[in-house]
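# Observations on the three-dimensional arrangement
Residue-level listing of the chains:
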Amino acid sequence: MQPVKVTVNGTGSCTPIFPDICQNPFNILCVVNQNAATATYSIEYMQDFSTAMSPRWNGTTATWIPHSGVNLATASFTTGNFQFPVAAIRLTVATSAATSVVTMNLIQSVNAP
């Protein structure tokens, strides 16, 4: 998976990100920061691979699980990681001031030759 950067302005969720589940080790680093420290945000993931890989899936019919280390966080800078394969990852901002911008950067380790 190439490094990914997503941004949520205000409240809501970003488009789901699909990591490369074939990487071994799978490791993904997640770094979240916000511009004004006024938002409450979570990193969420799903494990339903059959739903995530469906060509008709629109991201709404899934059970999203909060990341145990980045759930309802309010800090201006937070990190988390995934060591085992997940089907999809997203950033969700639950509360926010109108001018808040929350950004998540993902980078996955690559087992390149």
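The structure this text deals with has already been given above.
So, here is what we can say about the structure in this document. Keep in mind it's a predicted model, so treat the numbers as computed, not measured.

The next point concerns the sheet that holds strand β1 (residues 4–9). Adjacent strands of a sheet pair through backbone hydrogen bonds, lying either parallel or antiparallel. Pairing is antiparallel across the open sheet formed by four strands, whose spatial order is β1-β8-β3-β6. Edge strands, defined here as strands with exactly one partner in the open sheet, are β1 and β6 (77–82). Ignoring which end each strand starts from, the neighbouring axes of this sheet average 15° apart. Inspection of the sheet shows strand β3 (residues 28–34) paired to β6 by six bridges, in the antiparallel sense. Bridging across to β6, Ile28 finds its partner in Phe82.

Let's shift gears to the state of the cysteines. Counted under the stated rule, the structure contains zero disulfides. There is no disulfide at Cys14, and the cysteine sulfur nearest it, in Cys30, is 11 Å away. The cysteine Cys22 is free of any disulfide, with Cys30 supplying the nearest cysteine sulfur at 19 Å. Relative accessible area serves as the criterion here: at 69%, Cys22 is assigned to the exposed category.

Bringing a nonpolar patch on the surface into the picture now. Residues Phe18, Ile21 and Met53 make up a contiguous nonpolar surface patch of roughly 280 Å² in combined accessible area. With respect to the helices and strands, the residue Phe18 is situated in the loop between β2 (12–13) and β3. The exposure class assigned to Phe18 is partly exposed, which follows from its relative accessible area of 39%.

For the bond running from Asn24 to Pro25, omega is 10°, close enough to zero to count as cis. Following the sequence through the fold, Pro25 ends up in the loop between β2 and β3. With a phi close to 55°, Leu72 is a non-glycine residue in the positive phi region. Judged by its relative accessible area of 52%, Leu72 falls in the exposed class.

Conventions adopted
Residues numbered from 1 in each chain as written. Predicted model: local features only at pLDDT ≥ 70, side-chain atom pairs only at ≥ 80, totals over all residues. Heavy atoms only, no water. Pairing = 2+ DSSP bridges. Helix = DSSP H or I, 4+ residues; strand = E, 2+ residues; numbered from the N terminus. Axes fitted to C-alpha atoms, helices over the stretch in contact; angles between N-to-C directions. Disulfide = S-S within 2.5 Å. Buried < 20%, exposed > 50% of the residue type's maximum accessible area, 1.4 Å probe, protein only. Patch = residues over 30% accessible without salt bridge, like charges linked within 9 Å, V, L, I, M, F, W, Y side chains within 5 Å. Areas by Shrake-Rupley, 256 points an atom, 1.4 Å probe, with all protein chains shown as cover. Salt bridge = Lys/Arg side-chain N within 4 Å of Asp/Glu carboxyl O.

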